[in-house]
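Okay, here's what each chain looks like letter by letter:
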Amino acid sequence: MLWNREALPTVGSLASLIWLTLGAFAIGTEGFMIAGLLPALAHDLDVGLPAAGHLVTAFSLAYAIGAPVLAVLTAGLERKRLLAVAMGGFALANLLAALAPGYAGLMGARLLLALSAASFMPAAGGYAAGLGGPERQGRALSMVIGGLTVAIIAGVPLGVLLGAAFGWRATFLGVGATAAFSLVGILAWLPRQPPSVIASLGERMALAKRADVLSVLAASVLTVASTFTVYTYLGVFMQAVTGLGPRGLAMVLLVFGVASAVGIRIGGSAADHWGARRTVICGCGLVLLAYLALALGAALEQAAMGVLLPAIVLWGFASWGVMTAQQARLVTLAPDLAPVSLSLNSSAIYLGSATGTAVGALLIADGAVRMLGEVAAFIALTALLTVLGSGRRDRIRDQARQA
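Position numbers for residues count from 1 along each chain, tracking the sequence in the order it is written. In keeping with the model being predicted, local features are shown solely for residues with a pLDDT of at least 70 and side-chain atom pairs are shown and tallied solely at 80 or more, while totals for entire chains, interfaces and linings include all residues. With hydrogens and water set aside, each side-chain value is computed from the structure's full complement of heavy atoms.

Attention now goes to the packing of helix H8 (residues 211-231) against helix H13 (residues 338-365). Think of each axis as a best-fit line through the C-alpha atoms, taken over the contacting stretch in the case of a helix, with angles from 0 to 180 degrees between the N-to-C directions. Helix numbering and strand numbering both begin at the N terminus, where a helix is a DSSP run of H or I of at least 4 residues and a strand a DSSP run of E of at least 2. As a packed pair, H8 and H13 sit with axes 7 Å apart at the nearest point and diverge in direction by 40°. As summarised for this structure, H8 and H13 are arranged oblique, according to the angle between their axes. The hand of the H8/H13 crossing is right-handed. Along the contact surface, H8 presents Leu217, Ser220, Val221, Val224, Ala225, Phe228 and Thr229, while H13 presents Leu344, Asn345, Ala348, Ile349, Leu351, Gly352, Ser353, Thr355, Gly356, Thr357, Val359 and Gly360. For this classification, under 35 degrees means roughly parallel, over 145 means roughly antiparallel, 65 to 115 means roughly perpendicular, and everything else is oblique. We call a crossing left-handed when the near helix sits turned anticlockwise from the far one by less than a right angle, and right-handed when that turn is clockwise. Note on contacts: a residue pair qualifies if any of its non-hydrogen atoms lie within 4.5 Å across the two residues.

Structure (structure tokens):
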């Protein structure tokens, strides 16, 4: 009797999820590595650094808007087919980016990259949860998320080093090859999976209108906005303050990535032990401290790196820890609607990315690159006040209910 791979049950071997992990790694690497490529991109395409930064803004906005819309439009598609189409589109978009003759072509490729990623990541999470079953759901989801974590730690520094050695186009080719490898694995080894129930746009908007949920989403937007105000232009910032080149920047990004991975892990544990809201408040305070240290480092000369490097470690650790705890807050607020609230948070994250990148572009255009830390600190302070204010509103609401 011949083995029919397509006839495998929904709950199958988690080993097949390695191809989704690889796809998430490609998406994470492409999304974050551009921060180290901006100076080279701007020079090669003969545009200013703010215009190069808009490549990140456009990607983030397309992802934020496209993710919920595409989730609804593709709700009826068989999951393996959807994953294959999305990863195929991502591979093709990387090739188009590598071959882009100019700024407009690269912008178009970035939009296709965003829409492909916005289709793949939610579908990959849903597929993993279905394949793992109730007993192994957490392990299955962690495999997909692990691809993003490895991208932050290793993929981004490698992309920067590859771009420094062979040019920025080579980085897109490298990510495209990784995506193509993931596509082959998806087609060859993933079992088919029927569509899952997807919330409508109306249901998503109804949840987003809840005051408690909206407050958490606003904090996510502000926290990520503060991060990307600096992160997108970190290479420009470090070069202006310390004269750091691409290889030195790769090491800084590696340190940031390791700190972020630790923050993701500890943020989840802290939310379980101390409470999600308390963890977010603590994390926002640490993020604010990190940005103030970045601002101090920018004002120094020879001793700048001695202040900047610890600040970057604290920044990576605290900012990613906050986002993990934010997800826990949303799940606590609406346990039965967790998939919907988490998808809204994903859109909030990319909206924050677009906002922060746009704010950073304005500073760069005004020649105020050394003020990135100060502006990020202001945004982080606003995020902290938003979280503190939500607690006060919750207490007033609870008192009103008891009365």
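It is possible for side chains bearing opposite charge to pair when their charged atoms get close. Put simply, a salt bridge is a Lys or Arg side-chain nitrogen that is within 4 Å of an Asp or Glu carboxyl oxygen. Counted under the stated rule, the structure contains four salt bridges. A salt bridge links Arg110 to Glu30; the nearest nitrogen and oxygen atoms lie 2.4 Å apart. Separated by 80 residues along the polypeptide, Arg110 in helix H5 (residues 103-166) and Glu30 in helix H1 (residues 18-33) bring together distant segments of the chain. Glu30 shares its class with Arg110; the two are buried. Residue Arg169 is joined to Asp44 by a salt bridge in which the shortest nitrogen-to-oxygen separation is 3.8 Å. On the criterion of sequence distance, the pair formed by Arg169 in helix H6 (residues 168-189) and Asp44 in helix H2 (residues 38-45) is long-range, its members being 125 residues apart. The buried label goes to any residue with under 20% of its type's maximum accessible area, the exposed label to any with over 50%, and the partly exposed label to all in between, with areas taken from a 1.4 Å probe on protein chains only.

Next up on the list: the packing of helix H11 (residues 276-299) against helix H12 (residues 304-333). At a closest axis distance of 8 Å, the pairing of H11 and H12 adopts a crossing angle of 155°. In terms of orientation, H11 lies roughly antiparallel with respect to H12. Between H11 and H12 lies a crossing whose hand is left-handed. Looking at the contact of H11 with H12 residue by residue, the class counts come to 23 nonpolar, five polar and two charged. Residues were grouped as follows: Ala, Val, Leu, Ile, Met, Phe, Trp, Tyr, Cys and Pro as nonpolar; Asp, Glu, Lys and Arg as charged; and all remaining residues, including Gly, as polar.

Before going further, it helps to examine the packing of aromatic side chains. Only Phe, Tyr and Trp rings take part, Trp by its six-membered ring, and two of them pair if their centres are within 6.5 Å. Stacked means planes under 30 degrees apart, edge-to-face means over 60, and tilted covers everything else. Summed over the entire model, instances satisfying the criterion amount to 12 aromatic pairs. Taking 5.3 Å as the distance between ring centres and 40° as the angle between the ring planes, the aromatic pair formed by Tyr231 and Phe256 counts as tilted. Of this pair, Tyr231 sits in helix H8 while Phe256 sits in helix H10 (residues 246-274), and the two are 25 residues apart along the sequence. We classify Tyr231 as buried; its relative accessible area is 5%. With a centroid separation of 6.4 Å and an interplanar angle of 65°, the aromatic rings of Tyr231 and Trp315 are classed as edge-to-face. Note that Tyr231 is positioned in helix H8 and Trp315 in helix H12, a separation of 84 residues in sequence. Relative accessible area serves as the criterion here: at 0%, Trp315 is assigned to the buried category. Grouping aromatic residues by their ring pairs yields a cluster made of Phe32, Phe228, Tyr231, Phe256, Tyr291, Trp315 and Trp320.

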